[in-house]
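Results of the structural survey
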Amino acid sequence: MNNVYLSLGTNIGDREKYLNDAIDLISELENTKIVKISKVYETKPWGYTNQENFLNLCLKINTGLSPHELLNKCQEIEKILKRERIIRWGPRTIDIDILIYDDIICNGENLTLPHPRIQERAFVLVPLMDLNENLVVKNKRVKEWLKLVDVEEVKEYI
Ligand SMILES: Nc1nc2nc(S)n(CCO)c2c(=O)[nH]1
């Protein structure tokens, strides 16, 4: 079994329901269990800023699925929850990113591990700290990257 960190994001419709439905569907994946769920955060859009705020969280899962099998399953869940890719980095019902898969480093056509933009994204770094504040990615403590992003863009969602 492998330790994997996922990022979930949504900024259309019933955002809480999309997060809960995605978590339920991930928990039902074969040979996979959810180990820990971060707090939920309301976050300012990153990348394409002319859109609604997101709700974001991160999950730590334990899985026997390979990176590409997990990617396919995450894309299936996005389809089930009606994710439509209209504008790159634009609004979406649900987005599931694989951030870290054990110590695997890969730069494939469909999958880069660790996720190449972890260090730029407060909406990923803040919830990751809920899961493991000693996380090291690409030989850097994630906690160090937090100092380089604007954490004011990330507010706990009550
Ligand atoms: N705050 C925020 N901004 C984002 N920009 C993109 S693209 N996404 C989708 C994740 O890649 C998000 C997101 O989940 N949250």
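To start, this report covers the structure provided alongside it. Predicted model only: the values in this text are computed from it and were never measured.

The next point concerns the environment of R88. If you trace the backbone, R88 turns up in the loop between α2 (67-80) and β5 (95-101). Residue R88 is classed as exposed on the basis of its relative accessible area, which comes to 63%. Sequence separation of R88 and G47 is 41 residues, and the distance between their C-alpha atoms is 8.9 Å.

Next up on the list: unusual backbone geometry. Note the cis peptide between L113 and P114, where omega equals -10°. Here P114 is to be found in the loop between β7 (112-113) and α3 (122-131). Here the phi dihedral of N31 falls at roughly 55°; this positive angle occurs in a residue that is not glycine. For N31, the position within the fold is in the loop between α1 (15-27) and β2 (32-37). A positive phi is found at K138, a non-glycine position, where the angle reads about 50°. Among the secondary structure elements, K138 is positioned in the loop between β8 (136-137) and β9 (140-141).

A word on the pairing of strand β1 (residues 2-10). Most of β1 sits out of view: eight of its nine residues are buried. Inspection of the sheet shows β1 paired to β5 by six bridges, in the antiparallel sense. The partner of S7 across the bridge, within β5, is D97.

The next point concerns the site of the ligand. Close to the ligand lie 13 residues, the nearest being T43, K44, W46, N56 and D97. Here N56 contributes a side-chain N or O atom positioned 2.9 Å from an oxygen atom of the ligand. For the ligand, an oxygen atom lies 3.1 Å from a polar atom in the side chain of R121. Here the ligand, which alone exposes 360 Å², has 97% of that area covered by the protein. Elements with a minimum of two residues in the shell around the ligand: β4 (54-63) and β5.

Another point: α3. Of all ten residues that make up α3, nine are buried, and the element is covered over most of its length. Buried within α3 we find A122, F123, V124, L125, V126, P127, L128, M129 and L131.

Before going further, it helps to examine the pattern of salt bridges. Here the structure, examined in full by the defined rule, presents seven salt bridges. The salt bridge involving R92 is made with D95; its shortest N-O contact spans 2.6 Å. D95 shares its class with R92; the two are buried.

Here is what the cut-offs are and how they apply
Residues numbered from 1 in each chain as written. Predicted model: local features only at pLDDT ≥ 70, side-chain atom pairs only at ≥ 80, totals over all residues. Heavy atoms only, no water. Helix = DSSP H or I, 4+ residues; strand = E, 2+ residues; numbered from the N terminus. Buried < 20%, exposed > 50% of the residue type's maximum accessible area, 1.4 Å probe, protein only. Pairing = 2+ DSSP bridges. Near = heavy atom within 4 Å. Polar contact = N/O pair within 3.5 Å; in protein donor to acceptor, adjacent residues only side chain to side chain. Areas by Shrake-Rupley, 256 points an atom, 1.4 Å probe, with all protein chains shown as cover. Salt bridge = Lys/Arg side-chain N within 4 Å of Asp/Glu carboxyl O.

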